[in-house]
Every structure is written in structure tokens, then in C-alpha cells.
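# An overview of the molecular structure
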Amino acid sequence: METIAEKIDKIKKEKNAVVLAHTYQPGEVQDIADYVGDSYGLSVKASESDADVIVFCGVRFMAETAHILSPEKRVILPTPGAGCPMADMITPDELIAMKKEYPDYQVMCYVNSTSEIKALSDVCCTSSNAMKIARHLSDSKGVLFVPDRHLGSYIQQKTDLNMVLWDGFCPTHVRIQPQDIEQARVRHPEALVLIHPEAPRSCRDLADEVLSTGGMCEFVKNSSAQQFIIATELGLIHTLQRQNPEKKYYPLSDKLLCPNMKQGSLEQVLASLEGRGGDVISLDPQIVHKARHSLVRMLELSK
Ligand code: 13P
Ligand code: SF4
């Protein structure tokens, strides 16, 4: 009897499909994916892939980003209900009002945003390339950064940009408390603390490294340290264990679950490939055209 994983493999070949998965996806989904990575790595893969079909295991803004970068491909989100609450914390009207208030400022939007917000922005960034993109904006009068106030404050802290931050946040990463880090250090004194920039500054300041999920994977691979406290969504522990099984990982807290990222399953990936499930991403072509500009600019400035 064929397993679900074998069925997925077979149909992927028949349809020239690839499965891309974010590092926060359930382990079983990561294990059958052709590529597992952070938002930046996934957007590069989506723009370069020669597959006809992309099954995007992540949340909606990620699948929409893949569609915007490769509109000729069929991009399927296996979990139609998986959104990102932070992406929905700013509406197009709110951004239009902000732009009116600061007409000479550039708009930099975190990729964790809706396609409409990307279409109204000058450039996108992810948590791994934010600093690189920000440096390219150093000549501008000011930068409107949306929607994550924590990633925004991290950029502000590391550059001398004049920034106005929107007040959005990730409900998962704001659960991180300074005492979680202090207690974890007592339990694991040998371990380095790696934290995501979506965490509040009071916590970032207590960590050893502030990194995107892809940055954490790179750091762990190249570090001589053997133990790590991981202050981001729990799914990353699975990625790290697969990539460097000889090292030890301690989740900062079992509260760090993103319910949207955890909706995925193998059955849904199979259903998407068989055309009996998932959501085929389709967007207004004008939005695709405008949002593409800010994403392509991000990819160019990240090189
Ligand atoms: P990465 O940029 O590390 O992939 O993070 C995406 C995300 O949703 C973090 O909450
Ligand atoms: Fe959005 Fe936070 Fe979930 Fe990332 S972890 S997808 S930012 S809610």
C-alpha cells in the first residue's frame, strides 16, 4: 500500500510540481517538502523555480508572494484558512493616510503583509534582508515601516534612518517575556540564545543573536557552540534537528506556536496536488503588477 508521502512524490512528478514549506510548518510537512526555508529563501525559490505548480505550505501572504513573483505558475495554498494576523493589522486606507501625512517618505513593508499593502509600498523586506534593504534607503528623508513595530524598532536601533513605525505585531512572538530568557539561561547555561526580530526589544536585548529563521539555521551550522535556546516559533526546532542532528536545541517556551502555521498536514498537500483541496491563488492583475515592483526591488537589493 502506498503511503501519503509516496503518493505526493508520484503526483509531483506527473504534474511538474514542487512543495515549498516554511520552517514553522509541522514536521511531517517539512519532511516531504522539496525546499524548507525562511520567507526570503522561499520567495527566491518561488521566483526561480521551473515547476508548473507550487504547493506553498505556509500562510497566505507567502503563497501570494510566490504568485506575484511567478504569476504564470499555479500556486496552491493547502490551508485556505491560514492567514497571518500581523499582515492584517494595517489596511490599505490606513497606509494611504500615512503616506499623505508623510508624502516624501519611502514605504518599506515587511513581507508579512497583504498584497494590497505591498502594492502601495516602495520596497519589501523579510526579516533576513531588512538591514540590507534599509541601508539602500539611507538617502531618503524618512521611512514608513509597516506593519511590524518590533522588526521596525530593530532596524531603527541598528541604522540612523528616520522611521515612522506602524503599530502591528506578531501575536506569537510577543508572547516572549524577558523572564523566559532569564529562566532558560539558568536551565541551560551553556546554550546560546537565538531570537527572532519580531520579538520585543526588551527580549532581543537579552539574547546572543537576533536572526531570521533562515539566519538561525545558518548560524547553528557554522557555530562551534553545541547548544541553543530557540526563541521563535516551535517548528524551527524540527528544521534544526534535521539539519544538524548532533547539536541540542531547547525551545524558549512551549507557548511559541503559530496556530496558522500549524494548520498544514500531508493529507492537505496531497489534496492540493490532486485538485480536490487547497486554494489556488488568484489576485487582481493590477495588484500583482504593483506588488511585484516592491518584491522585485527587494530581491535586487538583497543580492
Ligand atoms: P522568517 O522571515 O524568519 O521566515 O519569519 C517569518 C515569520 O512569519 C516570522 O513570524
Ligand atoms: Fe504571522 Fe507571527 Fe504566524 Fe509569522 S508567526 S505567520 S508573523 S502570526
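Let me begin by describing the structure that accompanies this report.

Here is what the cut-offs are and how they apply
- Residues numbered from 1 in each chain as written.
- Chains lettered and ligands numbered in written order.
- Predicted model: local features only at pLDDT ≥ 70, side-chain atom pairs only at ≥ 80, totals over all residues.
- Heavy atoms only, no water.
- Helix = DSSP H or I, 4+ residues; strand = E, 2+ residues; numbered from the N terminus.
- Buried < 20%, exposed > 50% of the residue type's maximum accessible area, 1.4 Å probe, protein only.
- Contact = heavy atoms within 4.5 Å.
- Core = buried A, V, L, I, M, F, W, Y, C linked by side-chain atoms within 4.5 Å.
- Phe/Tyr/Trp six-rings, centres within 6.5 Å; stacked < 30°, edge-to-face > 60°.
- Near = heavy atom within 4 Å.
- Nonpolar A, V, L, I, M, F, W, Y, C, P; charged D, E, K, R; others polar.
- Axes fitted to C-alpha atoms, helices over the stretch in contact; angles between N-to-C directions.
- Parallel < 35°, antiparallel > 145°, perpendicular 65-115°, else oblique.
- Pairing = 2+ DSSP bridges.
- Polar contact = N/O pair within 3.5 Å; in protein donor to acceptor, adjacent residues only side chain to side chain.
- Areas by Shrake-Rupley, 256 points an atom, 1.4 Å probe, with all protein chains shown as cover.

## Examining the environment of Thr-114
Within the secondary structure, Thr-114 sits in the loop between strand E5 (106-110) and helix H6 (115-119). On the basis of relative accessibility, which here comes to 18%, the residue Thr-114 falls in the buried class. Separated by 105 residues in sequence, Thr-114 and Asp-9 place their C-alpha atoms 31 Å apart. Once residues within four sequence positions are removed from consideration, Thr-114 is found in contact with Ala-87 and Asp-88.

## Quick notes on the nonpolar core
If you look at the biggest cluster of nonpolar residues, it comprises 62 residues, and the most contacted ones within it are Phe-56, Met-108, Cys-125, Phe-145 and Ile-155. Counting residues per element, this core draws most heavily on helix H14 (residues 285-302), at seven residues. Excluding residues that lie within four positions of it along the chain, Ile-155 makes contacts with Met-108, Ala-130, Met-131, Ala-134, Phe-145, Leu-161 and Met-163. Ala-17, Val-36, Val-55 and Leu-266 belong to the second largest nonpolar core, which has 17 residues in total.

## Quick word on the side chain of Ser-272
Checked against the element boundaries, Ser-272 lands in helix H13 (residues 266-273). Overall, the relative accessible area of 2% leaves Ser-272 in the buried class.

## With respect to the packing of aromatic side chains
Counted according to the given criterion, the structure contains two aromatic pairs. Taking the centre distance of 5.0 Å and the plane angle of 40° together, the rings of Tyr-102 and Tyr-105 count as tilted. For Tyr-102, a relative accessible area of 24% translates into the label partly exposed. Residue Tyr-105 is classed as buried on the basis of its relative accessible area of 17%. Here Phe-228 and Tyr-249 contribute two aromatic rings whose centre-to-centre distance is 6.1 Å and whose plane-to-plane angle is 20°, an arrangement assigned as stacked. With Phe-228 in strand E11 (residues 227-231) and Tyr-249 in strand E12 (residues 248-251), the pair connects residues that are 21 residues apart, well separated along the chain. Neither Phe-228 nor Tyr-249 differs from the other in exposure class; each is buried.

## Quick word on the site of ligand 2
Every residue lining ligand 2 is accounted for by Tyr-24, Val-59, Cys-84, Pro-85, Met-86, Asn-112, Cys-170, Glu-198 and Cys-258. Its residues assigned to classes, the shell around ligand 2 comprises seven nonpolar, one polar and one charged.

## A look at the packing of helix H3 (residues 39-48) against H14
The geometry of H3 relative to H14 is characterised by a closest axis approach of 12 Å and an angle of 105° between their N-to-C directions. For the element pair H3 / H14, the angle class is roughly perpendicular. On H14, the residues that touch Tyr-40, Ser-43, Val-44 and Ser-47 of H3 are Met-298, Leu-299 and Ser-302. Of the residues that constitute the contact of H3 with H14, the class distribution is four nonpolar, three polar and no charged.

## Quick look at the sheet that holds strand E7 (residues 143-146)
Pairing within the open sheet is parallel, and its four strands lie in the order E6-E5-E7-E8. Across the chains shown, the open sheet's two edge strands, defined by having one partner strand only, are strand E6 (123-125) and strand E8 (163-165). When the angles between neighbouring strand axes are averaged without regard to direction, this sheet yields 25°. As paired strands, E5 and E6 are joined by three bridges and run parallel to one another. The partner of Met-108 across the bridge, within E6, is Val-123. Across the sheet, helix H5 (residues 92-101) is in contact with E5, E7 and E8; its angle to E7 comes to roughly 165°. Lying over the sheet, H14 contacts E5 and E6, oriented at roughly 60° with respect to E6.

## A few points about the site of ligand 1
Around ligand 1, the structure places His-22, Tyr-24, Asp-38, Ser-39, Asn-112, Ser-127, His-173, His-196, Glu-198, Ser-212 and Thr-213. Between ligand 1 and His-22 there is a distance of 2.7 Å, counted from an oxygen atom to a side-chain nitrogen or oxygen. A distance of 2.8 Å separates an oxygen atom of ligand 1 from a polar atom in the side chain of Glu-198. Here ligand 1 has 300 Å² of accessible area as a free molecule, and 96% of this is covered by the chains.

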